[in-house]
Amino acid sequence: MIYDTQEARQIDEWARTSGLPLEVLMERAGSHIATRIKERHRKTERILILCGTGNNGGDGYVIGRELIRDGFDVTLHAPFGENRSDTSIVHVHYAEAFGLVTEQPCGQYDVILDALYGTGFDPKRMNQVFEAQCEFVSEQKRQGARIYAVDVPSGVPTDHATEFKETAIRADVTFQLHAMKRSAFLIRTAPFYGELETIDIGLPTFGEWRVSPKGVTALFKREPYGHKGTYGTALLIGGSETMPGSIQLATRAALRTGVGKLQVATTALAKHGIIAQAPEAMVIDQTLPAIQEMIPSVSAVGIGPGLSQEAVETWVDYLLESDLPVVLDAAALVKESYPERTAPIIVTPHIGEFARMTNQSVESIQDDLFGQATDYAILHQVTVVLKSHVILIAKPDGGGFVVSGASSGLAKGGSGDTLFGILTSLLAQHPTGDIERKLAQGAEWYARASKQVERRLHPSSLLATDVIEELGRLEL
Ligand SMILES: NC(=O)C1=CN([C@@H]2O[C@H](COP(=O)(O)OP(=O)(O)OC[C@H]3O[C@@H](n4cnc5c(N)ncnc54)[C@H](O)[C@@H]3O)[C@@H](O)[C@H]2O)[C@@H](O)CC1
Ligand SMILES: [K+]
């Protein structure tokens, strides 16, 4: 699960109205985190807990109480004063009964727990006391302190990085409560989280965004009595005389993803490459009549990689008149609006293309990946596969999946063509149902295959072709 601030508030409210007081959730959060600290630190180490005035600070008091009760050397500092949220006040009093009092920090610490701000942080408000705390923690870190953040590294906004000024605690580990936060996936904020560990505080599944489904195994299922018609027919349209490579990559990726039959509409030069490198595929002319003739016998169509066709928008319009799932990539990302239809439309832009499609800067997209992908998907009623350092699959009715953990070696030409081939192939096999889940599984397959290649090839040398060949070798 991945939360935004509003969802974090909603789940708190749901728990409260369903009968579980917030104080209990705070108790669970704090005591689970205290256990993780006890497991990895000795009683002789000096621990500093920095507590804010909200509920994040309240978690800090529970952690402090649990540690001091077990004989750990704890200093608790409350740099913003003693104003407390109603929920945390209970725990502040209870912790005081164990002898936990607020003190000024003194000297070097081995461990610092950051419980200054959580999901309630407002990046618009200037705060010099907090800036001083960030400097203090970063100096302690330089001198060897290990930094743990509670829920969110303080100063990091939860939902988007649009107002983020990079004044924040840089944690080694963040104990995220119940669910991940959107900012844990954004380029400017993710580094502040360090390693991520999730703390189960007993809440139900909630929220619109999910980390990608791990069920890649489901994609490997083959029917014992199946034939090539069982696994759909995909039509890929792409390639040009000057860019024949991308459609070849897409073709090989589609074949390695299990499609029953593959038709490729491409130009003369690319045809030669495909016949040589992927003889399993069938090639047709890259003309509208040839494509029109093929449409009735395919189950999904993808268009765009390496395409250099003046008539591309007419072709896209024609494809969108069909009742097939249509994947629009690269040169085919030309539409400003899309027709109403029942079959899904999937757009697969990288960040630069998405910036162009939305008339925004790359930075503003990177700072608000989830919001931007969601807005486009809902406004245009399409599925957005947004390719960045993570891959977002945004549904037309809101929410979606995030795929992370791919090799840094994928930041090269050819990666997008590969993913396009994988996704179109999967859609041809599963043209209806929960297509976003299938797309997420496909992207997860691709990401995991790339990571597996890293075992024998440095990311700098990793090529899209290596990932394609690895698809069938994925260790499940
Ligand atoms: N369901 C959950 O996930 C649970 C969340 N809990 C904790 O509750 C936290 C959220 O608590 P809150 O909503 O009280 O929010 P926070 O504790 O994040 O902070 C809110 C306080 O900080 C102040 N503040 C925010 N931005 C500021 C700025 N820039 N300058 C100065 N002051 C600023 C606010 O006025 C308020 O007093 C979570 O992050 C988590 O640690 C847990 O206690 C229990 C369960
Ligand atoms: K925090």
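Residues numbered from 1 in each chain as written. Chains lettered and ligands numbered in written order. Predicted model: local features only at pLDDT ≥ 70, side-chain atom pairs only at ≥ 80, totals over all residues. Heavy atoms only, no water.

As annotated in an unreviewed UniProt entry, the protein chain carries the name Bifunctional NAD(P)H-hydrate repair enzyme and comes from Exiguobacterium indicum. Looking at the protein chain in UniProt, the text filed under Subunit (unreviewed entry) is "Homotetramer." (UniProt positions renumbered as here; feature names shortened; annotations may be inferred.)

**Quick notes on the overall build of the protein chain**
From N to C terminus, the protein chain includes 16 helices and 18 strands. Projected onto its principal axes, the C-alpha positions of the protein chain cover 80 × 45 × 45 Å. Residues classed as buried in the protein chain amount to 56% of the 476 residues present. Looking at the protein chain alone, contacts between residues at least 24 apart form 70% of all its contacts between residues at least 6 apart. Summing over all exposed atoms, the protein chain offers an accessible surface of approximately 20,000 Å²; the carbon and sulfur share of this is 50%. Mean positive and mean negative side-chain charge positions of the protein chain (44 and 59 charges, respectively) differ by 6 Å. (Helix = DSSP H or I, 4+ residues; strand = E, 2+ residues; numbered from the N terminus. Buried < 20%, exposed > 50% of the residue type's maximum accessible area, 1.4 Å probe, protein only. Contact = heavy atoms within 4.5 Å. Areas by Shrake-Rupley, 256 points an atom, 1.4 Å probe, with all protein chains shown as cover. Lys, Arg positive; Asp, Glu negative; His and termini not counted. Charge placed at Lys NZ, Arg CZ, Asp CG, Glu CD.)

**Here we look at helix 13 (residues 369-380)**
For helix 13, which comprises 12 residues, the first-to-last C-alpha distance of 17 Å matches the rise-based estimate of 16 Å (1.5 Å per residue) to within 8%. Buried residues dominate helix 13, accounting for nine of its 12 residues. For helix 13, the complete set of buried residues consists of Leu369, Phe370, Gly371, Gln372, Ala373, Thr374, Tyr376, Ala377 and His380. Residue Gln381 follows helix 13 closely and has a positive phi angle near 55°. (Expected span 1.5 Å × (residues − 1).)

**Considerations on the pattern of salt bridges**
Considering all chains together, one arrives at 27 salt bridges under this definition. Arg16 is the partner of Glu13 in a salt bridge, and the nearest nitrogen-oxygen pair spans 2.6 Å. One end of the pair is Glu13 and the other is Arg16, both in helix 1 (residues 5-17) and three residues apart, which spans about a single turn. In this structure, Asp70 and Lys38 form a salt bridge, with 2.8 Å as the shortest nitrogen-oxygen distance. Of this pair, Asp70 sits in the loop between helix 3 (55-69) and strand 3 (73-77) while Lys38 sits in helix 2 (residues 22-40), and the two are 32 residues apart along the sequence. The class for Lys38 is partly exposed, based on a relative accessible area of 23%. Members of the salt-bridge network, linked through shared partners, are Glu27, Lys38, Arg65, Glu66, Arg69 and Asp70. (Salt bridge = Lys/Arg side-chain N within 4 Å of Asp/Glu carboxyl O.)

**Details of the coordination of the potassium ion (ligand 2)**
Ideal donor angles around a metal are set by the shape: a four-donor tetrahedron calls for 109.5 degrees, a six-donor octahedron for 90 or 180 degrees. The potassium ion (ligand 2) binds to the protein through Asn56 (OD1), Asp114 (O), Tyr117 (O), Val150 (O), Val152 (O) and Ser154 (OG), with metal-donor distances spanning 2.6 to 3.0 Å. Sequence spacing among the residues donating to the potassium ion (ligand 2) works out to N-x57-D-x2-Y-x32-V-x1-V-x1-S. A residue pair is termed long-range when its members are at least 10 positions apart, and Tyr117 in the loop between strand 4 (111-115) and helix 5 (128-142) and Val150 in strand 5 (residues 146-150) qualify at 33 residues. Taken individually, Tyr117 and Val150 each receive the classification buried, so the pair is uniform in this respect. (Donors = N, O, S within 2.8 Å, 3.2 Å for Na, K, Ca; no water.)

**A word on the packing of helix 3 against helix 4 (residues 86-97)**
Their axes nearest at 8 Å, the elements helix 3 and helix 4 cross at an angle of 20°. Classed by the angle they form, the pair helix 3 and helix 4 counts as roughly parallel. Handedness of the crossing formed by helix 3 with helix 4: left-handed. The residues of helix 4 that touch helix 3, namely those facing Asn55, Gly58, Tyr61, Val62 and Arg65, are Thr87, Ser88, His91, Val92, Tyr94 and Ala95. Here the contact of helix 3 with helix 4 is built from residues that sort into five nonpolar, five polar and one charged. (Axes fitted to C-alpha atoms, helices over the stretch in contact; angles between N-to-C directions. Parallel < 35°, antiparallel > 145°, perpendicular 65-115°, else oblique. Left-handed = near helix turned anticlockwise from the far one by under 90°. Nonpolar A, V, L, I, M, F, W, Y, C, P; charged D, E, K, R; others polar.)

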